[in-house]
Amino acid sequence: MHVAVVGAGIIGVTTAHALRQQGFEVTVIDRRSGVAQEASFANAGVLAPAYVAPWAQPGMPAKVLAYLFRPEAPVIFRPAFDPALWRWLRRWLGECEVERFRVNRSRMQRLAYYSRRCLHEVRERHGIDYEQGKGYLQLFRTVHELERTAPARDMLREAGVPHSLLDAAGCRTLEPALDANTPLAGGLHLPEDETGNCAVFARRLKDICESDGVRFRFGAEAMRFDVAAGRVQGLQLADGRVQADVYVLAAGADSGRLLAPAGIDLPLMAVKGYSATATIIRPEHAPKLAVMDESYKVAITRFGQRLRVAGTAEIGSRGMKLRESALRTLLKVARDWFPAAASYPQARFWVGARPMLPDGPPVLGPTPFPNMFLNVGHGSTGWAMACGSARIVADLIAGRSPEIDLEGLTLDRYAPRRATLRHAHAGA
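The shown structure was predicted, so the numbers you read here are calculated from the model rather than taken from an experiment.

Rules used in this analysis
Residues numbered from 1 in each chain as written. Predicted model: local features only at pLDDT ≥ 70, side-chain atom pairs only at ≥ 80, totals over all residues. Heavy atoms only, no water. Core = buried A, V, L, I, M, F, W, Y, C linked by side-chain atoms within 4.5 Å. Buried < 20%, exposed > 50% of the residue type's maximum accessible area, 1.4 Å probe, protein only. Helix = DSSP H or I, 4+ residues; strand = E, 2+ residues; numbered from the N terminus. Contact = heavy atoms within 4.5 Å. Expected span 1.5 Å × (residues − 1). Arc of directions from axis to C-beta. Axes fitted to C-alpha atoms, helices over the stretch in contact; angles between N-to-C directions. Parallel < 35°, antiparallel > 145°, perpendicular 65-115°, else oblique. Left-handed = near helix turned anticlockwise from the far one by under 90°. Nonpolar A, V, L, I, M, F, W, Y, C, P; charged D, E, K, R; others polar. 1 Å grid on protein atoms, 1.4 Å probe; cavity = no way out; pocket = protein on both sides within 12 Å on 5 of 7 lines; lining within 4 Å. Points joined across faces, edges and corners; volume = space filled by probe spheres on them.

Caption draft 1: Structural context of the nonpolar core. Residues Leu-19 and Phe-201 are the most contacted members of the largest nonpolar core, which totals 54 residues. Sorting the residues of this core by element identifies strand E1 (2–6), helix H1 (10–21), strand E2 (25–30), helix H4 (98–126), helix H8 (198–211), strand E12 (246–249) and helix H11 (382–397) as the ones contributing at least two each. Of the residues forming this core, the biggest block, 11 residues, is contributed by H11. If sequence neighbours within four positions are ignored, Leu-19 has contacts with Val-3, Val-5, Phe-24, Val-26, Val-248, Ala-394 and Ile-397. Among the nonpolar cores identified, the runner-up in size contains 34 residues, and Val-298, Ala-341, Ala-342 and Ala-347 belong to it.

Caption draft 2: Representation of helix H3 (residues 83–94) within the structure. Counted at 1.5 Å a residue, the expected span for H3 with its 12 residues is 16 Å, and the 17 Å between its end C-alpha atoms agrees. What H3 keeps buried is the set Leu-85, Trp-88, Leu-89 and Trp-92. Viewed end-on, H3 has its buried residues packed into an arc of 100°, placing them on one side of the element. Those residues of H3 that are buried lie in contact with helix H2 (60–67), strand E4 (75–77), strand E13 (269–279), strand E16 (306–315) and strand E17 (348–356).

Caption draft 3: Structural context of the packing of H1 against H11. Taken N-terminus to C-terminus, the directions of H1 and H11 make an angle of 40°; their axes are 8 Å apart at the nearest point. Between H1 and H11, the interaxial angle falls into the category oblique. In this structure, H1 meets H11 at a crossing whose hand is right-handed. Here H1 contributes Ile-10, Ile-11, Thr-14, Thr-15, Ala-18 and Leu-19 to the contact with H11, which in turn contributes Gly-382, Trp-383, Ala-386, Cys-387, Ala-390, Arg-391, Ala-394 and Ile-397. Each residue belonging to the contact of H1 with H11 can be placed in one class, and the counts come to 10 nonpolar, three polar and one charged.

Caption draft 4: The layout of surface pockets, seen in detail. Empty space within the second largest pocket amounts to approximately 680 Å³. Taken together, 25 residues form the lining of the second largest pocket, with Ala-84, Leu-268, Met-269, Ala-270 and Arg-318 sitting closest to its centre. Looking at the lining of the second largest pocket, the elements with two or more residues in it are H3, helix H9 (255–259) and E13. When residues of the lining of the second largest pocket are assigned to their parent elements, the largest contribution, five residues, is made by H3. For the lining of the second largest pocket, the per-class residue count stands at 14 nonpolar, four polar and seven charged.

Caption draft 5: Broad picture of unusual backbone geometry. Phi at Glu-131 takes a positive value of approximately 60°, unusual for a residue other than glycine. Tracing the chain through its elements places Glu-131 in the loop between H4 and strand E5 (133–140). At Lys-297, a residue that is not glycine, the phi angle is positive and equals roughly 55°. Examined against the element boundaries, Lys-297 turns out to sit in the loop between strand E14 (290–293) and strand E15 (298–303).

Caption draft 6: Quick look at the environment of Thr-410. By the element assignment, Thr-410 lies in the segment after H11. Judged by relative accessible area, Thr-410 falls into the buried class, the value being 3%. Through-space distance from the C-alpha of Thr-410 to that of Arg-70 is 37 Å; in sequence the pair is 340 residues apart.

This is how it looks when you write it as structure tokens:
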């Protein structure tokens, strides 16, 4: 059976690998010149299942409004006359209630922990080195921020996730490079969480896939699915057409454009994220652990002799223009904690569109068309969920039962009355 995968980011590449492992003939289509060149290119690199949570959470609407008046803010909201944006925001507001947050977070973490296991299996099978590291330290500048972590810590305890709450001295003992002049109330240490260079992993997995017979078609922009007689009959490209038995959509923020003409209304919103990558010039002042500044929601990760500083969520603006205010926030946080570590004036900047759904979890698996499957909507946690999502989709296409419960992870949650959807589908 021939499967066409649309998208060669981390989601598409891992999907291609999982499908090939199950014996399918696979072709990957992407408009870029190589893999991981959009949202997967320069993200934070955090693989922290315990930290995975929806953006829709209690208190977030008030925070977004407060951030409107701050020059350096973790969330940038740019109101626009866009009906789709306001529909998305209305659904997002409904998901910010405490109980909805708990449900959505549980769904995301179920997938993220499974995905970490799948990632380890792939890494060990192929011996992939992707600049991985272990340990994650969440930093709180104020006592108020630290106290607000009590519900999250309760959830970690209930799930049996190793963690420890540290005072300021404990944080600086664990990570001696933290600057002594930056206010610090304490931190939450997650010793089993990980980091890794997403783009490096994707490129190495692509080489493995190619050596195993997977075909990649780059510079090929998908225009629309040709649908007739209740099935996808082909994929129209800007310069040709692809014919396959089964189609998997893993095109990130561009997925909504391809789904709408086929009659699938999925509320995907492109939420922009930023990063800065700077060369380390004084290794003794650079972090050994990955850290997250809770005030600014900025992650700082070390990849060899480079420091990756990533964060900021910008919603409501189109295009991939770099905004100075977002870049200033990243560099401020980096200099606050590790002022002498890297050559910040020479940092390379990046912006990417995260494909975010209002409630947080992605959508995996079948659609109303028996030969079309989805692997979309991972938001800012695609790297943490990629290998697990890929295996689930491959299992469904192969007619196998996935290894985890798919409750809340399929298109059913957006179309509960659509009789044509099924949690498990044997493929074409």
